[in-house]
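Close look at the chain arrangement
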Amino acid sequence: MPDTHPSLSPQDALLAVMIAVSASDENMRTAELVAIQRTVNHMPVFASYDADRIRVVAQTVFDLFEEEDGLEALFGLIRDALPERLNETAYALACDVATADGSLREVELRMLEEVREELNIDRLHAAAIEWGARVRHLRP
């Protein structure tokens, strides 16, 4: 991959966060992919988003995961593209994807922690977002 990475739109950045969380354990589960697709199809922030961009953004995330400092580069792209007012939205979407399959693996928890730190999510706000994601995805 070239040294310059493509710039991302704010919606691309939200999508990249979701894909990164899903791919963090090297196993993108169906429930996680469905959660990502559902989010893109139904959330107002994605109302005018070109769904064909999903493949491009996913490939960018996968390519960066293969690079030595790829995660750092990915977060740089995300921070550059994401308006601060959408940082908590990004974290909430990441939490929804991570909890979509009903279980959180250690690597997913570490990735969520990384997202929280990189986007400067207040710890109290993060706890509320995490709680909301957990209760939305409880099983009977």
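Note: the structure precedes this text.
Since this is a predicted model, take the numbers as computed values, not measurements. (Residues numbered from 1 in each chain as written. Predicted model: local features only at pLDDT ≥ 70, side-chain atom pairs only at ≥ 80, totals over all residues. Heavy atoms only, no water.)

1. Description of the nonpolar core
Judged by nonpolar contacts, the single largest core of 43 residues is most densely connected at Leu15, Met18, Ile78, Leu82, Tyr91 and Val115. Mapped by element, the contributors of at least two residues to this core are α1 (10–23), α2 (30–42), α3 (53–66), α4 (70–81), α5 (87–99), α6 (106–118) and α7 (123–136). With 9 residues, the single largest contributor to this core is α1. Residues within four places of Tyr91 in sequence aside, it is in contact with Leu112, Val115, Arg116, Ile121, Ala126, Ile129 and Glu130. (Core = buried A, V, L, I, M, F, W, Y, C linked by side-chain atoms within 4.5 Å. Buried < 20%, exposed > 50% of the residue type's maximum accessible area, 1.4 Å probe, protein only. Helix = DSSP H or I, 4+ residues; strand = E, 2+ residues; numbered from the N terminus. Contact = heavy atoms within 4.5 Å.)

2. Observations regarding unusual backbone geometry
Even without being glycine, Glu26 reaches a positive phi, approximately 60 degrees. Tracing the backbone shows Glu26 in the loop between α1 and α2. Classification of Glu26 by relative accessible area gives exposed; the value is 78%. Of note, the phi angle at Asn120 is positive, near 55 degrees, even though the residue is not glycine. The exposed category is assigned to Asn120, whose relative accessible area is 70%.

3. Examining the environment of Ala81
Tracing the chain through its elements places Ala81 in helix α4. Ala81 gets classed as buried once you look at its relative accessible area, which sits at 12%. Excluding its chain neighbours within four sequence positions, the residues that come into contact with Ala81 are Leu8, Ser9, Pro10 and Ala13.

4. So, the pattern of salt bridges
It is possible for side chains of opposite charge to pair when their charged atoms get near one another. Considering all chains together, one arrives at 11 salt bridges under this definition. Asp96 is paired through a salt bridge with Arg136; the nearest N and O atoms lie 2.6 Å apart. A residue pair is termed long-range when its members are at least 10 positions apart, and Asp96 in helix α5 and Arg136 in helix α7 qualify at 40 residues. Judged by relative accessible area, which is 17%, Asp96 ranks as buried. (Salt bridge = Lys/Arg side-chain N within 4 Å of Asp/Glu carboxyl O.)

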